[in-house]
Structure formats: C-alpha cells, structure tokens
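Okay, here's what each chain looks like letter by letter:
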Amino acid sequence: MTRVAVVTGGTRGIGHAISIALKNKGYRVAANYAGNDAAAQQFQVETGIPVYKWNVGDYDACAKGVEEVTKALGPIDVLVNNAGITRDAMLHKMTPEQWREVINVDLDSIFNMSRLVIDSMRNRKFGRIINISSINGRKGQMGQTNYSAAKAGAHGFTKALAFEGASKGITVNTVAPGYINTEMVAAVPKEVLDTKIIPQIPVGRLGEAEEIARAVTFLASDDAGFITGACLDVNGGHYIAL
Ligand code: CAA
C-alpha cells in the first residue's frame, strides 16, 4: 500500500528536502506552496512531485487544497506541517502585522491542516502528523518573539493532539531544527550569523536540509509507531534539552 504524504511549504528549503526524501521512501507526495510559482514549477519538473498552491494560513484555502490532493492521490496518511516564515524584529520595533503574519502562517496553519485531515486519519486508524518547529521555539531568540511564540505553540499543539490520536493509530510529533543552510537562515544578517550564532553551534556548522528530512521520514515510518508527543531536536548541539 502506497501512503500519501503532504508537505506544506514543500518546494523550497527544508520542505524541498522532506518532499524528496518521502518520495524516495516510496510515498506518493504532494508538495504545497504559497507564492513562488517559478520555484514550484522547477521543483515539479526536477522531482516529478506534483505541486499544489494554497495559503496554509487560510482555512478555506486549505480545505480546497486537501480536497484536491485527496482526489488526485488518495486520503492523506502523513501530514508534514513545514510551511513557515520569519518577520524578525525586536519587540520594541515589531508591528502588529509582523506578529499576525507569523502566527498565521506558522501556527494557524498547523490547526488548519491538521483539522482537515484528522477525521480521515481517525476513520482509517492511521496517521502521522509531523510539525516542523524550531530551536527558537525551544530556547527563544532575540528578534523573534513572534516566531518563537508560534513555534512554541506548535509544541503545545503536538502534545495535546498526541493524546487525542494515540488510541486511533495517529502519532503527532515535532522536529525542531536548529540553524539550517536555507534561504531563511541566509536572511539573517551575516555579522549576526558569524559572530553570534555559528559560534554557539557545538558541531561548528549549519545543518543541511537533508538532515531534517531524515528525522521526518523516520517519524513517518512504521518503525516510529510508539513515538508520539515527542520533539526530536536536530540542531548540532546548539540547544541541548533533555
Ligand atoms: N544574539 C545575541 N545578540 C544579538 C543577536 C543574537 N542572535 N542578534 C542581535 N543581537 C544584538 C546586537 O549585537 C545588538 O547588540 P548591541 O545593542 O549591544 O549592539 C542588539 O542585539 C540589537 O541588534 P541590532 O542593532 O542588529 O538591532 P536590529 O533591530 O537592527 O536587529 C535583530 C535585531 C532583528 C534581532 C537582528 O539582529 C536579527 O535579525 N538577528 C537574527 C535573529 C535570528 O537569529 N533569526 C533566526 C532566523 S532563521 C530561523 O528562524 C530558522 C530557525 O528556525 C532557526
């Protein structure tokens, strides 16, 4: 039986690597994206993974997207809530819009997408929901009250839904990446990255998106059926919390 996986924000950055890794493990994958048509088309041509455009912060758009994917590929077995944005600013400079945008795309999306697949997972007594959080939702980060709050929210959501899904064969976990070699991290001022961030990473380098993807494919697999409500930190020792 081929399982169906949806990866939000699945055509760029960490999501790009997750979509490909799941495809290589034999899943039928749908990669959602929000805005960058050129990158999405290139991704589809290069990988053969179909792409679907909708805004994960908009519940009705998610409902249409889930319906479309289900019609094309079948009911969704694995949901990877990966889509995320940053709007970094110190709180004393942050606008209400910067706060709302990040909470909407990074946290509301997890409710929207999970709510829309949960009935079908419960009925079929199988599901994997993997929320891509962040080291900064674990430890906090200057300039990221919005992002740290959204990502910490993902952990609370995960723990609560893990209880609800446990008796129905549904596991719910987070992967919390550290600083990964993607466009999002490249947007951090170079001086801050070089002097304040990389020196704090014990392994001495940024992570690679494929290193996150391997954690996700593990949590999606049958081998991980007894792991639920957990957070897998993949951060090069940058934040060690046991
Ligand atoms: N750690 C410690 N100190 C920091 C810091 C950091 N990461 N970033 C900034 N500072 C310090 C600055 O050195 C400065 O100190 P002084 O006042 O003593 O000079 C002070 O904070 C204010 O910094 P700026 O003058 O640069 O203030 P700003 O308003 O122009 O910008 C900022 C502040 C938005 C925090 C900016 O420095 C920034 O973008 N920092 C990076 C934030 C970050 O790490 N974001 C992560 C993005 S990647 C991601 O989110 C993916 C993921 O999941 C990990």
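Analysis parameters
Residues numbered from 1 in each chain as written. Predicted model: local features only at pLDDT ≥ 70, side-chain atom pairs only at ≥ 80, totals over all residues. Heavy atoms only, no water. Axes fitted to C-alpha atoms, helices over the stretch in contact; angles between N-to-C directions. Helix = DSSP H or I, 4+ residues; strand = E, 2+ residues; numbered from the N terminus. Parallel < 35°, antiparallel > 145°, perpendicular 65-115°, else oblique. Left-handed = near helix turned anticlockwise from the far one by under 90°. Contact = heavy atoms within 4.5 Å. Nonpolar A, V, L, I, M, F, W, Y, C, P; charged D, E, K, R; others polar. Phe/Tyr/Trp six-rings, centres within 6.5 Å; stacked < 30°, edge-to-face > 60°. Buried < 20%, exposed > 50% of the residue type's maximum accessible area, 1.4 Å probe, protein only. Lys NZ or Arg CZ within 6 Å of the ring centre and 35° of its normal. Pairing = 2+ DSSP bridges. Right-handed = clockwise from strand over helix to strand, strands pointing away. Polar contact = N/O pair within 3.5 Å; in protein donor to acceptor, adjacent residues only side chain to side chain. Near = heavy atom within 4 Å.

1. Details of the packing of helix H4 (residues 96-124) against helix H6 (residues 145-165)
Each pair of packed helices gets described by two things: the angle between the helix axes and the distance between those axes.
Thinking step 1. Two elements in contact, H4 and H6, have axes whose closest approach is 8 Å; the angle formed by their N-to-C orientations is 15 degrees. When the interaxial angle is binned, H4 and H6 end up roughly parallel. Crossing handedness for the pair H4 and H6: right-handed. Of the residues in H6, those touching H4 at Gln 98, Trp 99, Val 102, Ile 103, Asp 106, Leu 107, Ile 110, Phe 111, Ser 114, Ile 118 and Arg 122 are Thr 145, Asn 146, Tyr 147, Ala 149, Ala 150, Lys 151, Gly 153, Ala 154, Phe 157, Leu 161 and Glu 164.
Thinking step 2. Of the residues in the contact of H4 with H6, the class split is 13 nonpolar, 5 polar and 4 charged.

2. What to know about the packing of aromatic side chains
Thinking step 1. Per the stated rule, a full pass over the model turns up 1 aromatic pair.
Thinking step 2. Pairing Tyr 59 with Phe 111 gives two aromatic rings, centres 6.1 Å apart and planes at 25 degrees, and the pair type is stacked. Placement of the pair is Tyr 59 in helix H3 (residues 59-73) and Phe 111 in helix H4, with a sequence separation of 52 residues.
Thinking step 3. Look at Tyr 59 and you get partly exposed, because its relative accessible area is 31%.
Thinking step 4. A cation over a ring is seen here: Arg 3 above Phe 126, with NZ or CZ 3.9 Å from the ring centre.

3. Regarding the sheet that holds strand E5 (residues 127-132)
Thinking step 1. The 7 strands are arranged E3-E2-E1-E4-E5-E6-E7 in an open sheet whose pairing can be described as parallel. Looking at the sheet topology across the chains shown, the edges are occupied by strand E3 (51-53) and strand E7 (231-234). Averaged over all adjacent pairs, the angle separating strand axes in this sheet is 20 degrees, with direction ignored.
Thinking step 2. With 3 bridges connecting them, strand E2 (residues 28-33) and E3 associate as parallel partners. By the bridge assignment, Tyr 33 is partnered in E3 with Lys 53.
Thinking step 3. The strands touched by H4 within the sheet are strand E1 (4-7), strand E4 (78-81), E5 and strand E6 (170-177), with E4 carrying the most contacts at an inclination of about 175 degrees.
Thinking step 4. Sheet contacts for H6: E5, E6 and E7; angle to E6, the most-contacted strand, approximately 160 degrees.

4. Describing the pairing of E5
Thinking step 1. Counting buried residues along E5, 6 of its 6 residues qualify, which places the element largely inside the surrounding structure.
Thinking step 2. Burial along E5 is two-sided: Gly 127, Ile 129 and Asn 131 facing one way and Arg 128, Ile 130 and Ile 132 facing the other are all buried.
Thinking step 3. Remark: the E4/H4/E5 crossover connection has right-handed handedness.
Thinking step 4. Sheet topology places E5 next to E6; 6 bridges connect them, and they run parallel.

5. A closer look at the side chain of Asn 146
Thinking step 1. Mapped onto the secondary structure, Asn 146 falls in helix H6.
Thinking step 2. At 3.2 Å, the side chain of Asn 146 forms a polar contact with the backbone oxygen of Gln 98.
Thinking step 3. When near neighbours in sequence (up to four residues on either side) are disregarded, Asn 146 contacts Arg 87, Met 94, Gln 98, Trp 99, Val 102 and Ile 103.

6. Considering the site of the ligand
Thinking step 1. Asp 88, Lys 93, Ser 134, Tyr 147 and Tyr 179 are the nearest of the 22 residues found near the ligand.
Thinking step 2. Residue Ser 134 places a side-chain N or O atom 2.6 Å away from an oxygen atom belonging to the ligand.
Thinking step 3. Residue Gln 141 places a side-chain N or O atom 3.0 Å away from a nitrogen atom belonging to the ligand.
Thinking step 4. Elements supplying a minimum of two residues to the shell around the ligand: helix H5 (135-139), helix H7 (183-186) and helix H8 (190-197).
Thinking step 5. Here the shell around the ligand takes 3 residues from H8, the largest share from any one element.
Thinking step 6. Looking at side-chain class alone, the shell around the ligand contains 12 nonpolar, 7 polar and 3 charged residues.

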